[in-house]
Each structure stands twice: as structure tokens, then as C-alpha cells.
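Okay, here's what each chain looks like letter by letter:
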Amino acid sequence: MHLDEILASVRKTNTNKVKVAVTDIDGVLRGKYIHVDKFTSALQDGFGFCNVIFGWDCQDETYDNGIYTGWHSGYPDAHATIDPSTYRSIPWDAQVPFFLADFQQADGKPLPVCPRQLLKAVIAKADAMGYEPMVGMEFEFFNFLETPQSLADKQFTKLESLTPGMFGYSLLRSAQNQEYFTAIMDELNEFAVPVEGLHTETGPGVFEAGILYAAALEAADRAVLFKASVKEIAARYGIIPTFMARWNQKLPGSSGHIHLSLRQKESQQNAFYDATKENAMSSIFRNFLAGQMHCLPEVLPLYAPTVNSYKRLVEGYWAPTKVTWGIDNRTVAYRVIPGSEKSTRVEIRVAGADVNPYLAVAASIASGLYGIEKNMQLQEKAVVGNGYAVENAVRLSSNLLEATEMMRQSSLARELLGSEFIDHFAASRNWEWRESQKAVTSWELQRYFEII
């Protein structure tokens, strides 16, 4: 749609407001309503949005180590530009028009610390190489019969799960929560975030949703909007969902798996598929996978961005701990899914539900393109059986501090994603780690309070 068509469409809604949103470094959707008259000018010329959203954490605590912004900068407005291709109407908000926006520098160039701009830069590189990345994301999330107030009152303890027990793929449990299930599928489809599958997973009150694949930017948009939208929809039913990587030490974590393939721009064929090769894996696919595996340890915080992320990356809980790959193997980091020309792809199983989709998708594509550029050969053999038992595989960092320091010092990470972004993101992750070290946890109280 042209801008005048979009404006005409917005005017026809008979609303006096439009919702616009951006994501911060953690992937949290931040936004506001603006009057339709202001939207008219903002659509053409952009608008100001306080740059503090890249200068604070998910609890709105300002970083003490930021370079891009901080008290030293005075927290001025950054220039945001509305992406007209993201036009949607919100079914659960009286069909209010909705748009996503990006950030630019004063000279009009993309802002390096903006997650959506980072992904767009990686996609542009793929385009220059003759490829279009195709992506589909899936999320697991636990659901609780709680409200924001009850969470605060209970201090996030003794929470009531939506359903009891371990009951994966349960038609019974989905039927018992039919209205909520139906609202997620139907309203998100109407919101142009098509959910192609939704089922219960193993754990009390946990669901898994698969979002229909699309070109990489659209897929990441859908993933960001999915997480935010599910929270809004759930509130109507007195439910709080969590996308933490792992909320309970006795239960599996929540994944944010990324399904990825490359489409040849000229032929529109799947570049990963070659029927004449073993497992139908083309040479390009093998180069791409080799690049992903080579780069993974040095960009791990983009897949595991929180302190809690590393509580999920433990043996025996359906998440990888080593740099491995296999054919349809759910114990490895990269699960190759061979099939037809249409379906052959790789599933990146490192990412948890707590990822910023823009950053995780950008890291995955950039790493694979690096493998193609360098003609990297897949040295590691496909894991057959238990991926946790592979002895000679590279082990992933076990905590956010170690992973962040490896990324900060990595010339490879800087080559893939740019030094300005790496410096900013590493500083934010270092802050996150230092904040965690101030906490006195319930584990410490139970372990030391009486005995020591």
C-alpha cells in the first residue's frame, strides 16, 4: 500500500488514535498511542522517541556503562520512522491501527543499536549474495492463573499454574482452556501473526505455538508481536504467561526455536535442498551450517541473553549444551530437517523463549552467511543418538558473564554484527550479570540461613 492508501485506510477506521511500537534491546515491545493527525505527519516524516529505551534494562533501570546513551547524553529523542509494511489492526483493541517503527541516526543512516535495523542489515547482506532467508519461530510458554498484582503480592512464589501435571499434546487440557486457546489462534491470525500450530507441552500449564514461516524480517516481527499479544490476550482470562527460559528447576525450560532456510532469489528454489546429496543437504546448506556452528560460541548471548537463559542450557532438559548437529535429532544445537524442496531446513535449538527475535535471527543468518562466504566445510559428523554424550564437541558457555566476555572480545562477532552494536549489547549483558549478583536468592536462604 502507498502512504496515501494507508492514511485513507486508517481514516476509514473512524478512530482518533493509532498505536506505534518499537523494541528495546531485550526485545520488549515499547510503544504509545498517538492521535491520528500526528500519525499523518509521523508516517511521512518520522517522530521522536526517547532514546532511553536503549539505555535501560527490562526493569527500566538505567545502565551505568552505556556509550550510546546515558546520563552523559541527557537522554534525547531518537528519530523513529514508521514502517508502513507493518500495518495491522488490533482485534482485541477495537481494531486500532498498529505499526512498528525503526530508529535512525541524525544523518539518516540506520541506528546501529536498534535490533530491527541490525536484522535488516543482515538481510541486506543476504540479498547482495543472492539469497532470501526464510524463517519460522516457535515458542513454549508457561501460563498461570495470576495477575500482575497477585505476582507482586506473592513475590513470585507459590504461583497457581493454569493446569496441573505433565500433559504434553493433551486434547483434554486444551479443551479445558478452549476459549483462551481459540483466542490465541483466531485473534493472532486476524492480527496477521498466523499461528499454524498450538498445543500443550510437557509441564503444568505450558503451551507451544508455531508461527507460520515468512521472510526473515516479517518472521521476526511476527515473533515479537506474538509474545506481546499473547500477554494482552491472556489478561482477559486472568492468565499471566511467562516466556522466561526456565522458571522452575524441576521442569523443562521454554524454547524459542528458529527454523531457517535460504531461498535463491533468481530461481526461488530452496538453496538448502539437493536431492542428489546425502540427506538432501546441498553444499550451500553444509557451508551455512558450518558457519553457524563455528560462530555460535562467540555470539551465544544473542540466543541466550539473560542470566536465566543458562538455567535452560543444561543436560537432559531438551536444550543443547554443546555445538553439535544431527538429522532430526532433538538433543543437538542444530537439528537438520531433511525433506522436500519446500521443507528442508535447519532448526536452531539453542534459543530460548526469552530471546529478542530480531537479534537471534540476525545472529543465525549472519553466522550462516559467513560460512558460505568462507566456503567452510562441515567437519563435525552428524550426531546419532544422545548429543549430550558427545565427548569432543565444543561446550557452550555456562553463564551470561562468560558468554558475554567471549562475545565482547570476539573479532568475529564484530565482523558479523558491527562493533557499535557488540559494544552496546555486551555492556547491557554485563549490566544484567552485575544486577543478578546483587540478589540474595531463595536457594541461598534455604541453604545457608540456619546451617552455616
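Further up the page is the structure itself.
Conventions used here
- Residues numbered from 1 in each chain as written.
- Predicted model: local features only at pLDDT ≥ 70, side-chain atom pairs only at ≥ 80, totals over all residues.
- Heavy atoms only, no water.
- Patch = residues over 30% accessible without salt bridge, like charges linked within 9 Å, V, L, I, M, F, W, Y side chains within 5 Å.
- Areas by Shrake-Rupley, 256 points an atom, 1.4 Å probe, with all protein chains shown as cover.
- Salt bridge = Lys/Arg side-chain N within 4 Å of Asp/Glu carboxyl O.
- Helix = DSSP H or I, 4+ residues; strand = E, 2+ residues; numbered from the N terminus.
- Expected span 1.5 Å × (residues − 1).
- Buried < 20%, exposed > 50% of the residue type's maximum accessible area, 1.4 Å probe, protein only.
- Phe/Tyr/Trp six-rings, centres within 6.5 Å; stacked < 30°, edge-to-face > 60°.
- Contact = heavy atoms within 4.5 Å.
- Pairing = 2+ DSSP bridges.
- Polar contact = N/O pair within 3.5 Å; in protein donor to acceptor, adjacent residues only side chain to side chain.

## Describing a nonpolar patch on the surface
- Together, Trp-443, Tyr-448, Ile-451 and Ile-452 make up a nonpolar patch on the protein surface, roughly 510 Å² of accessible area in all.
- With respect to the helices, strands and loops of the structure, Ile-451 is situated in the segment after helix H14 (442–448).

## Describing helix H10 (residues 357–373)
- Taking 1.5 Å per residue as the helical rise, H10 with its 17 residues ought to reach 24 Å, and the 24 Å between its terminal C-alpha atoms agrees with that figure.
- Taken across its 17 residues, H10 has 16 buried, putting it largely inside the fold.
- One or two residues past the end of H10 sits Asn-375, with phi positive at roughly 50°.

## Section: the packing of aromatic side chains
- All told, the structure shown has 25 aromatic pairs when counted by the stated rule.
- Where Phe-49 meets Phe-103, the ring centres are 6.0 Å apart and the plane angle is 85°; that geometry is what we call edge-to-face. With Phe-49 in strand S3 (residues 47–50) and Phe-103 in strand S6 (residues 96–104), this pair connects stretches of sequence that are 54 residues apart. Accessibility classification places Phe-49 together with Phe-103 in one group, the buried group.

## Let's talk about helix H13 (residues 419–436)
- Given a rise of 1.5 Å per residue, 18 residues ought to cover 26 Å, and the 26 Å separating the end C-alpha atoms of H13 matches this to within 8%.
- Listing the buried residues of H13 in full gives Phe-421, Ile-422, His-424, Phe-425, Ala-426, Ala-427, Ser-428, Arg-429, Trp-431, Glu-432 and Trp-433.
- Turning to H13, the residues buried within the fold contact helix H3 (115–128), H10, helix H11 (400–408) and helix H12 (411–417).

## A look at the pairing of strand S8 (residues 195–200)
- One ladder, built from five bridges, connects S8 with strand S9 (residues 206–211); its direction is antiparallel. Following the sheet pairing, Gly-197 is matched in S9 by Gly-210.
- In textbook terms, the turn of a hairpin is the stretch between consecutive antiparallel strands, and for S8 and S9 this stretch comprises five residues, one of which, Gly-203, has a positive phi near 145°.

## Things to note about the side chain of Arg-116
- If you trace the backbone, Arg-116 turns up in helix H3.
- Among the polar contacts made by the side chain of Arg-116, one reaches the side chain of Asp-102 at a distance of 2.9 Å.
- Among the polar contacts listed, one links the side chain of Arg-116 to the side chain of Asp-221, at a separation of 2.9 Å.
- When sequence neighbours within four positions are dropped, the list of residues in contact with Arg-116 reads Asp-83, Thr-86, Leu-100, Ala-101, Asp-102, Leu-217, Asp-221 and Tyr-358.

## Some points on unusual backbone geometry
- Here Asp-60, not a glycine, exhibits a phi torsion of approximately 65°, which is positive.
- Structurally, Asp-60 is set in the loop between S3 and strand S4 (77–82).
- Of note, the phi angle at Phe-156 is positive, near 60°, even though the residue is not glycine.
- In this structure, Phe-156 sits in the loop between helix H4 (148–154) and helix H5 (171–176).

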